[in-house]
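If you want the building blocks of each chain, they are given just below.
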Amino acid sequence: MNPEPVSVAATTSVEDAMHLMRERHISSVICEPGDDGAWGIMTQRDVLSRIISTGRRPAEAKVSEVASKPLVTVPGDMGLQECAEKMSKENIRRVVVVDGNGRPAGIISDTDIFAAVEQFGLPD
């Protein structure tokens, strides 16, 4: 799990978020609540499908327009198998781990789960 998710304001331009993602070597950013009050996540895939493939200019789009919402979350104590099941059911590659107050505290990806199972095996 990445215990330090990077978040940006909903009004951040997609272009600025893309620069941040490249600088930090990350494939997603958390979108802070905007006018709708909802957290979201913008992934590289979201940028490809909602900006680049449609010919929109990243400088003219806001992260809140591109981010996937509602945010798919899991509690920090959820097991790997349950987390993998949720990701499979939702057809997503990552989920946001939330703290007791519902605030994003980390991101766990399919790559994280794969690496943990490969290294340590399936938990009992």
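Before reading further, recall that the structure is shown in the block above.
Cut-off values and rules
Residues numbered from 1 in each chain as written. Predicted model: local features only at pLDDT ≥ 70, side-chain atom pairs only at ≥ 80, totals over all residues. Heavy atoms only, no water. Helix = DSSP H or I, 4+ residues; strand = E, 2+ residues; numbered from the N terminus. Pairing = 2+ DSSP bridges. Axes fitted to C-alpha atoms, helices over the stretch in contact; angles between N-to-C directions. Contact = heavy atoms within 4.5 Å. Left-handed = near helix turned anticlockwise from the far one by under 90°. Nonpolar A, V, L, I, M, F, W, Y, C, P; charged D, E, K, R; others polar. Salt bridge = Lys/Arg side-chain N within 4 Å of Asp/Glu carboxyl O.

Trainee: It is not clear to me how unusual backbone geometry should be interpreted in this structure. Could you clarify?
Mentor: Glycine aside, negative phi is the norm for most residues, and most peptide bonds take the trans geometry. The residue after Lys69, namely Pro70, is reached through a cis peptide bond having omega -5 degrees. Residue position: Pro70 is located in the loop between α3 (63–66) and β4 (73–75). Of note, the phi angle at His25 is positive, near 60 degrees, even though the residue is not glycine. Here His25 is to be found in the loop between α1 (14–24) and β2 (28–31). The phi dihedral of Asn91 falls on the positive side, at around 60 degrees, and the residue is not glycine. As for its position among the elements, Asn91 is in the loop between α4 (80–90) and β5 (94–98).

Trainee: Which parts of the structure should I look at to understand the sheet that holds β4?
Mentor: Picture the strands of a sheet paired through backbone hydrogen bonds; they go either parallel or antiparallel. The sheet built from three strands is open, its strands ordered β4-β5-β6 with mixed pairing. The open sheet has two edge strands, β4 and β6 (104–109), and neither has a second partner. For this sheet, the mean angle separating the axes of adjacent strands, direction not counted, is 35 degrees. Pairing geometry for β4 and β5, over three bridges, is parallel. Among the inter-strand pairings, Val74 is bridged to a residue of β5, identified as Val97. Strands in contact with α4 are β4, β5 and β6; relative to β6, the strand with the most contacts, it is inclined by about 80 degrees.

Trainee: Even after reading the chapter, I still don't get the packing of α4 against helix α5 (residues 110–120), so can you show me in this structure?
Mentor: Working note: a packed helix pair is described by the angle between its axes plus the distance between those axes. Interhelical geometry of α4 versus α5 gives an angle of 145 degrees and a closest axis separation of 11 Å. The handedness of the crossing between α4 and α5 is left-handed. Residues Leu80, Cys83, Ala84 and Met87 of α4 form the contact with α5, whose own contacting residues are Asp110, Ile113, Ala116 and Val117. Residues of the contact of α4 with α5, tallied by class, amount to seven nonpolar, no polar and one charged.

Trainee: Explain the side chain of Ser13 here, please?
Mentor: Along the chain, Ser13 falls in the loop between β1 (7–8) and α1. Each residue touching Ser13, except ones within four places of it in the same chain, is listed here: Pro58, Ala59, Ala61, Lys62 and Val63.

Trainee: Quick question: what am I supposed to make of the pattern of salt bridges here?
Mentor: The final tally for this structure, using the stated rule, is four salt bridges. Two residues, Lys69 and Asp36, come together in a salt bridge whose shortest N-O distance is 2.9 Å. Here Asp36 lies in the loop between β2 and β3 (40–43) and Lys69 lies in the loop between α3 and β4, a separation of 33 residues in the sequence. Taking the shortest distance from any N to any O, the salt bridge between Arg56 and Glu65 comes out at 2.5 Å.

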